[in-house]
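Coordinate analysis (summary)
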Amino acid sequence: MKNHPNPKGPWIHRFTIRLFTLIFTVLVYWALGFLVQDIQSIKGPDYSEIEKEYVDQDLTGRIKELNSGIEDLDRSISSKQEEMRLVDDSSENLQKTIGQLIELQKLSIEKSVALSESDQQNLNESLNQFLESQQNYQSHSEELTQLAQQKRTLQDEKIQLEKTVADQREPARKEFERLKEKHDWKLAALQLAILIPLLAVAAFLVIRRRESVYFPLYLGFGIATLLKVTLVIHRYFPTRYFKYILVAVLLLAVARVLIHFIRMVAFPKAQWLTRQYREAYERFLCPVCEYPIRTGPRKFLFWTRRTVNKIVIPREAGQEEEPYSCPSCGTVLLEECPECHNIRHALLPHCSHCNAEKEITGSGTESSAG
Ligand SMILES: [Zn+2]
Ligand SMILES: [Zn+2]
């Protein structure tokens with residue numbers, strides 16, 4: 001007979017439980033992530049707004065004008081350079097033509113033949129054109145110099161203004177950083193205000209409901225929350241603070257485990273069990289499953305841990321005590337004493353009639369079972 005049912009189930013069920021615990025953990029982590037992200041997306045200070053307050057807008061406007069002026073000049077300069085290249089090319093061609101015509105002229109002089117009318121005319125025209133294009137080039141070059149000068153003037157002004165604006169931007173940046181830090185603190189506080197209570201609930205469940213069948217749920221919830229809290233703290237708090245928080249948490253966890261083991265060594269399990277059993281018997285509740293021990297005058301009553309002291313016991317002639325097993329979990333609770341044959345508590349060390357001792361071990365419930 002099994003008194004303390006501790007069903008393990010087939011491996012496939014256990015595997016499924018583990019798998020779903022994992023999935024549950026991931027989902028909780030996800031959900032918390034959405035929550036944190038939503039808080040994260042609360043709008044912070046706007047730098048351009050702050051800059052407007054600190055930096056003279058006329059100056060920035062003027063800088064913009066200067067920039068577009070410089071761009072225009074750049075365009076004019078490059079188109080001017082292109083034109084000059086073209087003029088240069090054409091004068092080079094003219095030079096070649098003129099060279100050829102002069103060669104022709106030399107030949108005709110050597111042969112004492114007059115250069116033909118048309119060639120002579122060509123030569124003159126080419127020479128004229130060449131001079132013209134040279135002039136053209138000259139004037140283009142002057143214009144280019146002027147453009148470059150203008151550009152330099154604008155650039156000088158721009159550099160001056162930018163220096164002034166940079167000086168004005170300095171306090172704007174500081175103000176922005178101050179506001180940003182404040183905003184970050186606000187976000188961190190908001191996120192932790194949601195996460196920390198959840199973590200507290202999780203910690204409570206994990207520590208206090210260790211025996212519960214729903215423990216995997218609590219554990220998954222706890223792990224996900226802890227992970228999220230750690231990440232949030234890590235994001236907002238400088239590593240300087242973070243390491244203290246981390247160390248504190250680790251210290252607590254290690255101390256908790258240590259205390260657990262020290263207590264296990266200092267107080268053997270049987271002692272704990274006896275205490276637990278004693279308290280249950282005092283309340284007339286099954287020490288294993290907390291179902292009421294309904295025997296004797298309490299046979300037709302019902303109570304719980306909380307209401308046990310409030311119920312009124314009917315004053316009837318005391319019924320004969322008899323052996324009793326919990327109808328809910330089957331644990332033997334009252335049994336015949338092997339020494340004096342009276343009825344004694346099956347889960348407490350001594351018989352209340354003859355003081356005969358019996359050993360309550362960790363598996364006491366099992367050994368007391370028939
Ligand atoms: Zn029971
Ligand atoms: Zn006895």
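Above this text sits the structure in question.
Sequence order as written defines the numbering, with residues in each chain counted from 1. To label them, take the chains in the order written and letter them from A, then take the ligands in the order written and number them from 1. Local features in this predicted model are restricted to residues whose pLDDT is 70 or higher, and side-chain atom pairs enter the listing and the counts only when it is 80 or higher, whereas totals over whole chains, interfaces and linings include all residues.

Moving on: the overall build of the protein chain. Broken down by element type, the protein chain carries eight helices and three strands. Ordered by position from the N terminus, the helices and strands of the protein chain form the series α-α-α-α-α-α-α-β-β-β-α. The atom set for the radius of gyration is the C-alpha atoms, and the globule formula is 2.2 Å times the number of residues raised to the power 0.38. Here the C-alpha radius of gyration of the protein chain, 49 Å, is well above what a compact globule of 370 residues would show, namely 21 Å. With the C-alpha coordinates aligned to their principal axes, the bounding extent of the protein chain is approximately 165 × 50 × 40 Å. With 370 residues in all, the protein chain has 12% of them scored as buried. The helix and strand labels rest on DSSP assignments: H or I over at least four residues marks a helix, E over at least two residues marks a strand, and numbering proceeds from the N terminus. Field definition: a residue is buried when 20 or more other C-beta atoms are found within 10 Å of its C-beta, exposed when 12 or fewer are, and partly exposed for counts in between, with C-beta atoms placed from the backbone.

It is worth spelling out helix 5 (residues 215-236) at this point. In this model, helix 5 (22 residues) spans 32 Å end to end at C-alpha, consistent with the 32 Å of a helix rising 1.5 Å per residue. Among all positions in helix 5, only Y218, G220, F221, G222, A224, T225, K228, V229 and V232 are buried. Expected helix span is given by 1.5 Å per residue-to-residue step, counting one fewer step than there are residues.

Take helix 4 (residues 117-208) next. Along helix 4, the sharpest kink reaches roughly 30°, centred on L192. This entry defines residue contacts through backbone-placed C-beta atoms, with two residues in contact when those atoms are within 7 Å. On its buried face, helix 4 is in contact with helix 1 (11-40), helix 2 (47-54), helix 3 (57-110) and helix 5. The seven residues ending at a residue and the seven starting there each receive a fitted axis; the angle between those axes is the bend at that residue.

Right, let's get into the sheet that holds strand 2 (residues 332-336). The criterion for strand pairing is that DSSP finds at least two bridges linking the strands in question. The strand order 1-2-3 describes an open sheet built from three strands, whose pairing is antiparallel. Each edge of the open sheet is held by one strand with a lone partner, namely strand 1 (324-325) and strand 3 (343-345). As defined by bridge partners, strand 2 adjoins strand 3 across three bridges and the pair is classed as antiparallel. In the strand pairing of strand 3, L334 is matched with H345.

Now for the packing of helix 4 against helix 5. One way to put it is that helix 4 packs onto helix 5 with a least axis distance of 9 Å and a crossing angle of 155°. One way to sum up the angle between helix 4 and helix 5 is to call them roughly antiparallel. Here helix 4 runs over helix 5; the crossing is left-handed. Residues D184, A188, Q191, L192, L195, I196, L198, L199, A202, A203, L205 and V206 of helix 4 form the contact with helix 5, whose participating residues are Y218, L219, F221, G222, T225, L226, K228, V229, V232 and Y236. Angles here are taken between N-to-C directions and fall from 0 to 180 degrees, while the axes themselves are lines fitted to C-alpha atoms, restricted in helices to the stretch in contact. The labels follow the angle: roughly parallel below 35 degrees, roughly antiparallel above 145, roughly perpendicular from 65 to 115, and oblique for the rest. If you view the pair so one helix is near and one far, a crossing is left-handed when the near helix is turned anticlockwise from the far one by less than a right angle, and right-handed when it is turned clockwise.

Bringing unusual backbone geometry into the picture now. The backbone phi angle of E290 is positive, close to 65°, even though this residue is not glycine. Its place among the elements puts E290 in the loop between helix 7 (269-282) and strand 1. The class of E290 is partly exposed, set by 14 C-beta atoms lying within 10 Å. Even without being glycine, N355 reaches a positive phi, approximately 70°. Mapping N355 onto the fold places it in the loop between strand 3 and helix 8 (364-367).

What follows is about the packing of helix 2 against helix 4. A pair of packed helices is characterised by two quantities: the angle between their axes and the separation of those axes. It is the contact of helix 2 with helix 4, at a shortest axis distance of 9 Å, that shows an interaxial angle of 140°. Accordingly, the angle class assigned to the pair helix 2 and helix 4 is oblique. Where helix 2 crosses over helix 4, the handedness of that crossing is right-handed. Judged by residue contacts, Y47, I50, E51 and Y54 of helix 2 engage Q168, R169, P171, A172, E175 and F176 from helix 4. Throughout this entry, Asp, Glu, Lys and Arg are counted as charged residues, while Ala, Val, Leu, Ile, Met, Phe, Trp, Tyr, Cys and Pro are counted as nonpolar. The remaining residues, Gly among them, count as polar. For the contact of helix 2 with helix 4, the per-class residue count stands at six nonpolar, one polar and three charged.

Of the strand pairs in this sheet, strand 1 and strand 2 are connected by two bridges, and their pairing is antiparallel. The partner of Y324 across the bridge, within strand 2, is L334. Two successive antiparallel strands, strand 1 and strand 2, enclose a turn made up of six residues, where G330 displays a positive phi of approximately 85°. The turn linking strand 2 back onto strand 3 is made up of six residues, and H341 within it adopts a positive phi angle of 60°.

What follows covers the environment of N136. By secondary structure assignment, the location of N136 is in helix 4. For the pair N136 and M84, spaced 52 residues apart in sequence, the C-alpha separation works out to 8.6 Å.

Residue placement: S41 occurs in the loop between helix 1 and helix 2. Its 9 C-beta neighbours within 10 Å are what place S41 among the exposed residues. Along the chain, S41 and L147 lie 106 residues apart, while their C-alpha atoms are 50 Å from each other.

To continue, consider the environment of F300. Summarising the element assignment, F300 is placed in the loop between helix 7 and strand 1. For F300, a count of 7 C-beta atoms within 10 Å puts it in the exposed group. C-alpha of F300 to C-alpha of C329: the two residues are 29 residues apart in sequence and 19 Å apart in space.

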